[in-house]
Amino acid sequence: MATRRQRQVTQRRLHESIIDLIAIMNQPHRDEILIAEAGIQLDRALFQLIVGIHRFAPIGVVELADRAGRDHTTVSRQVAKLAELGLVERRPSAEDRRVKEALLTEEGRRVIDALDAARGRLSQPVFEQWSDRDLLELERLMRRFVDDLVGWSAAEKAAAADDR
């Protein structure tokens, strides 16, 4: 069993690894490389949004902006651009008709499929020395970590709302 100090050190190292991963994922040239490998024409500023819409659709602009860490007015304009390009459609929310949600069109799904295939080709050299077991374990633990963070965040929001 790990001591309290060992757990603290491990948690700090995990946090540092996450910060390193975020820094790598946020490098603009990485998006440009992925877009080029996918063979698509897409402004890099729209890339993160189409991926977010794919992952969380249907999604409103405010939630998408929150997830992307951007201003909702900027995201609204960018989602409108994605709609002009025929990659997303906007529709009233089933829960709140005042909210317009974004979701992918068939063309948007083709773009995502091209990005997924390109991501697989580009990440293949990173994982080629990993065993199947290690890769599956990373996926399992990463999913568990994210799911636990989501649950913790939801509980934290609920507690904050109760305090109001």
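Because the structure is a prediction, the values reported are computed rather than measured.

The rules behind these values
Residues numbered from 1 in each chain as written. Predicted model: local features only at pLDDT ≥ 70, side-chain atom pairs only at ≥ 80, totals over all residues. Heavy atoms only, no water. Helix = DSSP H or I, 4+ residues; strand = E, 2+ residues; numbered from the N terminus. Contact = heavy atoms within 4.5 Å. Areas by Shrake-Rupley, 256 points an atom, 1.4 Å probe, with all protein chains shown as cover. Lys, Arg positive; Asp, Glu negative; His and termini not counted. Charge placed at Lys NZ, Arg CZ, Asp CG, Glu CD. Salt bridge = Lys/Arg side-chain N within 4 Å of Asp/Glu carboxyl O. Buried < 20%, exposed > 50% of the residue type's maximum accessible area, 1.4 Å probe, protein only. Pairing = 2+ DSSP bridges. Axes fitted to C-alpha atoms, helices over the stretch in contact; angles between N-to-C directions. Domains from an automatic or database assignment. Buried area = accessible area lost by both parts, 1.4 Å probe. Polar contact = N/O pair within 3.5 Å; in protein donor to acceptor, adjacent residues only side chain to side chain. Core = buried A, V, L, I, M, F, W, Y, C linked by side-chain atoms within 4.5 Å.

Draft legend 1. Broad picture of the overall build of the protein chain. Within the protein chain one finds seven helices and three strands. Listing each helix as α and each strand as β along the protein chain from the N terminus yields α-α-α-β-α-α-β-β-α-α. Dimensions along the principal axes, computed over C-alpha positions, put the protein chain at roughly 55 × 50 × 25 Å. For the protein chain, contacts bridging at least 24 residues in sequence account for 47% of all contacts bridging at least 6. Element-wise, carbon and sulfur atoms account for 53% of the exposed surface of the protein chain, whose accessible area totals about 12200 Å². Charge-centre separation for the protein chain: the mean point of 27 positive side chains lies 3 Å from the mean point of 28 negative side chains.

Draft legend 2. Region of interest: the pattern of salt bridges. Per the counting criterion, the structure on display carries 12 salt bridges. Note that Arg 12 and Glu 16 form a salt bridge whose closest N and O atoms lie 3.6 Å from each other. Of the two residues, Arg 12 and Glu 16 are both situated in helix α1 (residues 4–25); the distance of four residues between them amounts to about one turn of the helix. When its relative accessible area of 41% is taken as the criterion, Arg 12 is described as partly exposed. When its relative accessible area of 39% is taken as the criterion, Glu 16 is described as partly exposed. The salt bridge involving Glu 37 is made with Arg 121; its shortest N-O contact spans 2.6 Å. With a gap of 84 residues between them, Glu 37 in helix α2 (residues 28–38) and Arg 121 in helix α6 (residues 106–127) connect regions that are remote in the sequence. The exposure class assigned to Glu 37 is partly exposed, which follows from its relative accessible area of 33%. Residue class for Arg 121 comes out partly exposed when judged on its relative accessible area of 43%.

Draft legend 3. View of the sheet that holds strand β1 (residues 59–60). With antiparallel pairing, three strands are arranged side by side in an open sheet as β1-β3-β2. A single partner strand is all that each edge strand has here, and the edge strands are β1 and β2 (88–92). Sheet topology note: the β1/strand β3 (residues 100–104) ladder contains two bridges and is antiparallel. By the bridge assignment for β3, Ile 59 is matched with Ala 102. Taken strand by strand, helix α3 (residues 44–56) contacts β1, β2 and β3, and its axis lies near 95 degrees from that of β3.

Draft legend 4. Spotlight on the domain arrangement of the protein chain. Each assigned domain of the protein chain is listed here: domain 1 (2–127) and domain 2 (129–163). A C-alpha centroid distance of 18 Å is found between domain 1 and domain 2. Taken together, the two surfaces of domain 1 and domain 2 that pack against each other cover about 430 Å², and 61% of this comes from carbon and sulfur. In this assembly, domain 1 and domain 2 are joined by zero salt bridges. Remark: the boundary between domain 1 and domain 2 carries three residue pairs in polar contact (both at pLDDT 80 or more).

Draft legend 5. Summary view of the nonpolar core. Counting residues in each nonpolar core, the largest one holds 26 residues, and the members touching the most others are Leu 42, Ile 50, Ile 53, Val 79, Leu 82 and Leu 115. Secondary structure elements with two or more residues in this core: α2, α3, α4 (61–68), α5 (72–84), β3 and α6. For this core, the element with the highest residue contribution is α3, accounting for five residues. Ignoring any residue separated from it by four or fewer positions in sequence, one finds Ile 50 in contact with Leu 42, Leu 82, Leu 87, Leu 104, Gly 108, Val 111 and Ile 112.

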